[in-house]
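Commentary on secondary and tertiary structure
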Amino acid sequence: MIAPAMGRKAARKSLTHFDEKGSAHMVDVGAKPSTHRVAVASGRIEMQPATFRMVAAGRAKKGDVLGVARIAAIQGAKRTSDLVPLCHPLALTSVSIDFALDAAATAVDCTARVETFGRTGVEMEALAAVQIGLLTIYDMCKAVDRGMVMGDVRLLEKRGGKSGDWVAAPVSR
């Protein structure tokens, strides 16, 4: 939703994926210098206690849930431009995926850190990695728990590029 104080014309000027006529286009990054780019994103999937115990113990019927989800998340980062139409295909230099088990909430937190040396950032790749990792956990556990809830997916930080560094404000649970 566009903020009330910002008109549609002003919003269009600030959105880089639209040209002066309002048509969607892929941003030209050809003249931008290559710099080290880093993005970190996170998200969470909540599940029933029995499902959580199964994931934590590594005894799901389909195998090592978090191991498979880690590989899927890495693949998701690598394939982001195939899924998000205006994303540039990037040569990623590093993708790391971490899972943290929250027993009190019977939830799994996923954090993705993505890096490249290029002309555009890797925020979308980090966010896609988290989403695909969480979706894979859901897929592998849905036979025993269709009520799992994915959420809290957000960018935590980005480094590099013309707009500089950015770090999200902390969120309390």
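In case you missed it, the structure is sitting above this.
Note that the structure is a prediction, hence the values are computed from the model and not measured. (Residues numbered from 1 in each chain as written. Predicted model: local features only at pLDDT ≥ 70, side-chain atom pairs only at ≥ 80, totals over all residues. Heavy atoms only, no water.)

1. A few points about unusual backbone geometry
Basically, it comes down to this: Helix and strand assignments follow DSSP, with helices taken as H or I runs no shorter than four residues and strands as E runs no shorter than two, numbered in order from the N terminus. Each residue is assigned to one of three classes by its accessible area relative to the maximum for its type, calculated with a 1.4 Å probe on protein chains only: buried under 20%, partly exposed between the two thresholds, exposed over 50%.
Of note, Thr-106 is a non-glycine position whose phi angle comes to about 45 degrees, a positive value. Tracing the sequence through the fold places Thr-106 in the loop between strand S2 (92-102) and strand S3 (107-118). Residue class for Thr-106 comes out buried when judged on its relative accessible area of 15%. A positive phi is found at Asp-152, a non-glycine position, where the angle reads about 55 degrees. Tracing the sequence through the fold places Asp-152 in strand S4 (residues 149-159). With a relative accessible area of 46%, Asp-152 lands in the partly exposed category.

2. Structural notes on the nonpolar core
It is characteristic of soluble globular proteins that their nonpolar side chains tend to be buried jointly. In plain terms, the rule: Buried residues of nine kinds, namely Ala, Val, Leu, Ile, Met, Phe, Trp, Tyr and Cys, make up a nonpolar core once their side-chain atoms join them within 4.5 Å.
By size, the foremost hydrophobic cluster in this structure holds 30 residues, and its most contacted members are Met-47, Ile-97, Phe-99, Val-108 and Ile-137. For this core, the secondary-structure elements that each account for two or more residues are strand S1 (35-46), helix H2 (49-57), helix H3 (65-78), S2, S3 and helix H5 (123-141). For this core, the element with the most residues is H5, which contributes seven residues.

3. Some remarks on the packing of H3 against H5
This is how the line gets drawn: Under this scheme, a helix contributes an axis fitted over its contacting stretch, all axes are lines through C-alpha atoms, and angles between N-to-C directions fall in the 0 to 180 degree range. For any helix crossing, the convention is left-handed if the near helix is rotated counterclockwise from the far helix by under a right angle, and right-handed if that rotation is clockwise. Any two residues whose heavy atoms approach within 4.5 Å are treated as being in contact. Only Asp, Glu, Lys and Arg are considered charged, only Ala, Val, Leu, Ile, Met, Phe, Trp, Tyr, Cys and Pro nonpolar, and every remaining residue, Gly among them, polar.
Between H3 and H5, whose axes approach to 7 Å, the crossing angle comes to 145 degrees. Between H3 and H5 the crossing geometry is right-handed. In this structure, H3 contributes Val-65, Leu-66, Val-68, Ala-69, Ala-72, Ala-73, Gly-76 and Ala-77 to the contact, and H5 contributes Glu-125, Ala-128, Ala-129, Ile-132, Gly-133, Thr-136, Ile-137, Met-140 and Cys-141. Of the residues belonging to the contact of H3 with H5, the class tally is 13 nonpolar, three polar and one charged.

4. As for the pairing of S4
Rule in force here: Whether two strands pair comes down to DSSP finding at least two bridges between them.
Relative to S4, S1 is paired through eight bridges, and the arrangement is antiparallel. Residue Val-38 lies in a different strand from S4, and its bridge partner there is Arg-159. Counting the residues that bridge the hairpin from S4 to strand S5 (residues 166-167) gives six residues, and of these Gly-160 lies at a positive phi of roughly 95 degrees.

5. Brief notes about the pairing of S3
Among the twelve residues of S3, nine are classified as buried, and the element is accordingly described as predominantly covered. The pairing of S1 with S3 spans twelve bridges and is classified as antiparallel. Paired with Arg-37 across the bridge in S3 is Thr-116. Between S2 and the antiparallel strand that follows it, S3, lie four residues; Thr-106 among them carries a positive phi value of about 45 degrees.

6. What about the pattern of salt bridges?
Once the charged atoms of two side chains with opposite charge are near each other, the side chains can pair. For clarity, the threshold we go by: Salt bridges, as used here, are contacts in which a Lys or Arg side-chain nitrogen is within 4 Å of a carboxyl oxygen on Asp or Glu.
Across all of its chains, the model carries seven salt bridges by this definition. Across the salt bridge formed by Glu-157 and Arg-159, the nearest N and O atoms sit 3.0 Å from each other. The class for Arg-159 is partly exposed, based on a relative accessible area of 32%. When salt bridges with common partners are traced through the structure, they connect Arg-44, Asp-102 and Asp-109 into a single cluster.

7. What about the side chain of Lys-158?
The cut-off we apply is this: Polar contacts, as counted here, are pairs of nitrogen or oxygen atoms within 3.5 Å of one another; within protein the pair requires one atom able to donate a hydrogen and one able to accept it, and residues that are adjacent in sequence qualify only if both atoms are side-chain atoms.
In this fold, Lys-158 is placed in strand S4. Only 3.0 Å separates the side chain of Lys-158 from the side chain of Ser-163, close enough to count as a polar contact. Within the structure, the side chain of Lys-158 is placed 2.5 Å from the backbone oxygen of Gly-164, a separation counted as a polar contact. When near neighbours in sequence (up to four residues on either side) are disregarded, Lys-158 contacts Val-38, Ala-39, Glu-123, Ser-163, Gly-164, Asp-165 and Trp-166.

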